[in-house]
Amino acid sequence: MRTIWLSLLLSAALALSLGQASAGETRARQILDRFEHANQWRDHVLVAAHRAGGMQSGKTLYPENSIAAVEASIATGAEIVEVDIRRSKDGQFVVMHDSWLDRTTNCKGEVDKHTLAELKTCRLEGTGAVTGETVSTLREMLMTTRDRILINLDNKLDTESLVGMVAVARDLGMAEQVIVKENLWNAERIATVAAAMDAIEGGFQFMPIIADDAVHDAMFAEKVSRAFPVRAIELINWRAGAETLTETGGPLFSPRMRALAVRGDWHIWADTYAIVNKPGGFLAGGRGDELAVAASLPRETYGFWVERGATIIQTDEPKAAIGWLAANGFRVPYAGEKRPAEPANTASIN
């Protein structure tokens, strides 16, 4: 009996110490654990905030790609912020989606025709007013996310520029928090991107993107996973102007793809965010944020993609997505978080 009690006490002490170690981890490290071990966390859907987040209920509260949007996404509970990277005239990496400044700042002209000093005079806008925040450098954006959240760099330059981007993150000691991605569609493209990834020499996360306008067989993902140590693959179901909603998710969101994801221990990443001047749900077979929020049908959006294996959803509406996922049992609390309340008996929750 004494031996049994001693064993129980030792087990309790070990559990306590492990719990304390877990609680002492940074938020980014806890998120990274779920990103790197998909099979252990398939009951939890990660949320990525598109262009850093900043929208809520269809309204832009913070400028896209802004530090203010990042702070809001972190406060909401998103695990990943996606930001777009370009280069200034004097070769500095800056955070900007468009090649032009006109839409998102109070300046005009092409980004790469302005020095960093000039870009630093440009105020971000997009909320209906000019804000006090200027264009961020990649370094500044990385510093904002350090130890707090993963950051997905959407490279608006050539593939070789990823070497320099990861070098900036490595200099800050946070390369493992960085996810970079490239489109893949055939064996030649795989070889080209693999050479670029080899030049970076590891220590970061690489996520391939596969779209069903070019790839029609889920088994292509197996070739991709043999070429790269992937933790997630971003899949796109093009709407291509169709008026009807996808019923299946297209050829990539298939039972075979889900089986490959489990076998390879990687996440399926789905996109529900909107594209300017494109049909609603352009990247999601019509089942995008517009359907979830404007039409109040989150189950037909987030629920649909979860049912087709998505364990990461990139969205313009991180608060709405997290709220629905948590209320319907698709979010597992992190250390220090409270478990969400039981779901209400309603048809949909926004």
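Because the structure is predicted, anything quoted here is derived from the model rather than measured.

Once that is clear, we can look at helix H11 (residues 299–307). Listed as buried for H11 are Thr301, Tyr302, Gly303, Phe304, Trp305 and Val306. Taken together, the buried residues of H11 touch strand S10 (267–271), helix H10 (289–294), strand S11 (310–315) and helix H12 (318–327). Immediately beyond the C-terminal end of H11, within one or two residues, lies glycine 309, with a positive phi of roughly 100°.

Interhelical geometry of H11 versus H12 gives an angle of 65° and a closest axis separation of 10 Å. When you trace H11 past H12, the crossing you get is right-handed. Two secondary-structure elements touch here, H11 through Arg299, Tyr302, Gly303 and Val306 and H12 through Ala320, Ala321, Trp324 and Leu325. Tallied by class, the residues present in the contact of H11 with H12 amount to six nonpolar, one polar and one charged.

It is worth spelling out the layout of surface pockets at this point. Roughly 380 Å³ of volume is contained in the largest pocket. Looking at the largest pocket, it is lined by 20 residues, and the ones nearest its centre are Asp154, Lys156, Asn183, Ile209 and Tyr273. Counting residues per element, the ones that place at least two in the lining of the largest pocket are strand S4 (80–87), strand S6 (150–155), strand S7 (178–183) and strand S9 (232–236). One number sums up the size of the second largest pocket: a volume of about 320 Å³. Around the second largest pocket, the lining comprises 17 residues; the ones closest to its centre are Arg51, Met55, Thr60, Glu64 and Arg103. Its residues assigned to classes, the lining of the second largest pocket comprises six nonpolar, six polar and five charged.

Let us look at the pattern of salt bridges. Throughout the structure, instances matching the rule amount to 20 salt bridges. In this structure, arginine 148 and glutamate 71 form a salt bridge, with 2.7 Å as the shortest nitrogen-oxygen distance. One end of the pair, arginine 148, is in the loop between helix H5 (138–145) and S6; the other, glutamate 71, is in helix H3 (residues 67–76), and 77 residues separate them in sequence. Overall, arginine 148 belongs to the partly exposed group, its relative accessible area being 29%. When the shortest N-O distance is used, the salt bridge between arginine 189 and glutamate 182 registers 2.9 Å.

This next bit is on the pairing of S10. Of all five residues that make up S10, five are buried, and the element is covered over most of its length. What you see with S10 is no split at all: His267, Trp269 and Asp271 on one side and Ile268 and Ala270 on the other are buried throughout. Note that S9 and S10 share four bridges and pair parallel. In the strand pairing of S10, glutamate 234 is matched with tryptophan 269. Looking at chain direction, S10 and S11 are connected through four bridges and run parallel. Pairing of alanine 270 across the sheet is with isoleucine 313, part of S11.

The periodicity of an α-helix, 3.6 residues per turn, causes residues three or four places apart in sequence to face the same way. Within the sequence span of H5, burial applies to Leu138, Met141, Leu142, Thr144 and Thr145. On an axial view of H5, the arc spanned by its buried residues comes to 155°, and they lie on one face. Contacts made by the buried residues of H5 are with H3, S4, strand S5 (93–95), S6, helix H6 (161–171) and S7. Note on H5: the residue one or two positions beyond its end, aspartate 147, has a positive phi of about 65°.

Attention now goes to the side chain of threonine 137. Position of threonine 137 among the secondary structure elements: in the loop between helix H4 (116–119) and H5. The exposure class of threonine 137 is buried, given its relative accessible area of 11%. Aside from chain neighbours lying at most four places away, what touches threonine 137 is Phe93, Val94, Val95, Leu116 and Lys120.

For the rest of this paragraph, the subject is unusual backbone geometry. Even without being glycine, alanine 52 reaches a positive phi, approximately 80°. Within the element layout of this structure, alanine 52 appears in the loop between strand S1 (46–49) and strand S2 (55–56). Residue alanine 52 is classed as buried on the basis of its relative accessible area of 0%. Positioned with a positive phi, asparagine 277 is a non-glycine residue whose angle comes to about 65°.

Calculation criteria
- Residues numbered from 1 in each chain as written.
- Predicted model: local features only at pLDDT ≥ 70, side-chain atom pairs only at ≥ 80, totals over all residues.
- Heavy atoms only, no water.
- Buried < 20%, exposed > 50% of the residue type's maximum accessible area, 1.4 Å probe, protein only.
- Helix = DSSP H or I, 4+ residues; strand = E, 2+ residues; numbered from the N terminus.
- Contact = heavy atoms within 4.5 Å.
- Axes fitted to C-alpha atoms, helices over the stretch in contact; angles between N-to-C directions.
- Left-handed = near helix turned anticlockwise from the far one by under 90°.
- Nonpolar A, V, L, I, M, F, W, Y, C, P; charged D, E, K, R; others polar.
- 1 Å grid on protein atoms, 1.4 Å probe; cavity = no way out; pocket = protein on both sides within 12 Å on 5 of 7 lines; lining within 4 Å.
- Points joined across faces, edges and corners; volume = space filled by probe spheres on them.
- Salt bridge = Lys/Arg side-chain N within 4 Å of Asp/Glu carboxyl O.
- Pairing = 2+ DSSP bridges.
- Arc of directions from axis to C-beta.

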